[in-house]
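Reading the structure
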Amino acid sequence: MGQIILRLDRVMADRKMSLNELSEKVGVSNVNLSKMKNGKISAIRFSTLEAICDALDCQPGDILEYRKD
């Protein structure tokens with residue numbers, strides 16, 4: 001079975017956006033965004049994903065990657 005890899009850190013770096021700035025724009029705590037950034041989550045709400053994509057001007061596929069084992 002494959003796995004979903006979060007690339008939030010890469011997209012944030014490309015956009016030169018800090019965790020604090022993204023947190024303010026999205027309305028999600030720094031702690032939860034940090035967990036996302038480090039791949040320490042098992043689920044994400046579509047509303048949160050939409051807010052992140054809006055703030056970073058990206059597509060969900062820019063943040064999420066499916067990798068087969």
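To keep things clear, this report deals only with the structure shown in the data block. What you see is a predicted model, and the numbers here were worked out from it, not measured in a lab.

**A word on the packing of helix H2 (residues 19–26) against helix H4 (residues 46–56)**
- Axis separation between H2 and H4 bottoms out at 9 Å; the angle between their running directions is 120 degrees. Considering the angle they form, H2 stands oblique to H4. Between H2 and H4 lies a crossing whose hand is right-handed. Across the interface between the two elements, Leu22, Lys25 and Val26 of H2 pack against Thr48, Ala51, Ile52, Ala55 and Leu56 of H4.

**So, the side chain of Ser23**
- Structurally, the position occupied by Ser23 is in helix H2.
- Look past the residues within four positions of Ser23 in its chain and what remains in contact with it is Val28, Ser29, Asn30 and Leu33.

**As for the packing of helix H1 (residues 8–15) against helix H3 (residues 30–37)**
- Where H1 meets H3, the closest approach of the two axes is 8 Å, and the angle between their N-to-C directions is 110 degrees. Here H1 is positioned roughly perpendicular relative to H3, judged by the angle of their axes. Contacts between H1 and H3 involve Leu8, Asp9 and Met12 on the former and, on the latter, Leu33, Met36 and Lys37.
- Considering only residue class, the contact of H1 with H3 consists of 4 nonpolar, no polar and 2 charged.

**Details of H2**
- Turning to H2, its buried residues are Leu22, Ser23 and Val26. Projected down its long axis, H2 shows its buried positions confined to an angular sector of 105 degrees, all on one face. In H2, the exposed positions that point more than 90 degrees away from the buried face belong to Glu24 and Lys25.
- The inward-facing, buried residues of H2 contact H1, H3 and H4.
- Looking one or two residues past H2, Gly27 carries a phi angle of roughly 80 degrees, positive in sign.

**Here's the deal with the nonpolar core**
- Counting residues in each nonpolar core, the largest one holds 17 residues, and the members touching the most others are Leu8, Leu22, Leu33, Ile52, Leu56 and Ile63.
- Of all the elements in the fold, those that place two or more residues in this core are H1, H2, H3 and H4.
- Ranked by the residues each element gives to this core, the list is headed by H4, at 5 residues.
- Aside from chain neighbours lying at most four places away, what touches Leu22 is Leu8, Met12, Met17, Leu33, Ala55 and Leu56.

Criteria and thresholds
- Residues numbered from 1 in each chain as written.
- Predicted model: local features only at pLDDT ≥ 70, side-chain atom pairs only at ≥ 80, totals over all residues.
- Heavy atoms only, no water.
- Axes fitted to C-alpha atoms, helices over the stretch in contact; angles between N-to-C directions.
- Helix = DSSP H or I, 4+ residues; strand = E, 2+ residues; numbered from the N terminus.
- Parallel < 35°, antiparallel > 145°, perpendicular 65-115°, else oblique.
- Left-handed = near helix turned anticlockwise from the far one by under 90°.
- Contact = heavy atoms within 4.5 Å.
- Nonpolar A, V, L, I, M, F, W, Y, C, P; charged D, E, K, R; others polar.
- Buried < 20%, exposed > 50% of the residue type's maximum accessible area, 1.4 Å probe, protein only.
- Arc of directions from axis to C-beta.
- Core = buried A, V, L, I, M, F, W, Y, C linked by side-chain atoms within 4.5 Å.

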